[in-house]
Amino acid sequence: LNRTNIMITAAVVLHYLLLLSSSLVCLLLVPLAWLLRPRQQPTNPKVFGFFHPYCSGGGGGERVLWKIIQNLQRHGKECVIYAVDPPTTNEAQLREDAARRFDVKIDQQITLVSLEAHKHFLLPSPFLSLILESWGTMKLAYQALKIHSPEVFCDTTGCAFTFAVARWMHPA
């Protein structure tokens, strides 16, 4: 083997060792956080928070979000959406868009929490993408829950590890 091949081989081995070690850390920390959680649940929660960074989009995931909110509001629950939309986003306009696009009428006002200042956490990573993008969604969830804490936290997009952050910040 020449020197170039040895350096390339060493870089590849180092890359896989970093990937393996970070995966092991995640595999150990998430179950540990789960095991240490308190068992008490709210008996009749009033405030539901939805982590849906792109709630103004027009896809099928947004339709599901608006249907859930519609159903919860029928039962007298308050709904909060955490989104990367700017703070100037008109909440009433979002509800009108949901009615127009999905035929889902939302009568009551919702609380829209803007995470626009932190949307860079969702940018794709050129390397170690799975780990760094998961870390970014965790940081975004942390910022969301710092701004407004619901009684029930729902991630309607499937972002990685947001529930672990919610459990860690609000164990009850």
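Starting from 1, residues in each chain are numbered consecutively following that chain's sequence as written. Local features in a predicted model are, by the rule used here, given only for residues with pLDDT of at least 70; side-chain atom pairs are given and counted only at 80 or more, and totals for whole chains, interfaces and linings are based on all residues. The basis for every side-chain value is the complete set of non-hydrogen atoms in the structure, without hydrogens or water.

Time to look at helix α5 (residues 162–169). Within α5, the full set of buried residues consists of Thr162, Val165 and Ala166. Along α5, the residues classed as buried sweep out an arc of 100 degrees about the axis, all on the same side. Throughout, a residue-residue contact means that at least one pair of heavy atoms, one from each residue, lies within 4.5 Å. Runs of H or I in DSSP of at least four residues are treated as helices and runs of E of at least two as strands, each being numbered from the N terminus. Tucked into the core, α5 has its buried residues touching β1 (47–51), α4 (129–147) and β4 (152–155). In this scheme, a residue with accessible area under 20% of its type's maximum is buried, one over 50% is exposed, and one in between is partly exposed, where area comes from a 1.4 Å probe on protein chains only. It is the directions from the helix axis to the C-beta atoms that the arc portrays.

Turning our eyes to something else, we now look at the sheet that holds strand β2 (residues 78–83). Here, strands pair whenever DSSP counts at least two bridges between them. The strand order across the open sheet built from four strands is β3-β2-β1-β4, with neighbouring strands paired in parallel fashion. At either end of the open sheet lies a strand with only one pairing partner, and these are β3 (111–114) and β4. Here the average twist between neighbouring strands, direction ignored, is 20 degrees. Relative to β2, β1 is paired through five bridges, and the arrangement is parallel. Each residue of the ladder has a partner; that of phenylalanine 51, found in β2, is tyrosine 82. A fitted line through C-alpha atoms serves as each axis, taken over the contacting stretch for helices, and the angle formed by two N-to-C directions is quoted from 0 to 180°. Contacts between helix α2 (residues 60–74) and the sheet are confined to β1 and β2, with β2 contributing the most and set at about 155 degrees to the helix.

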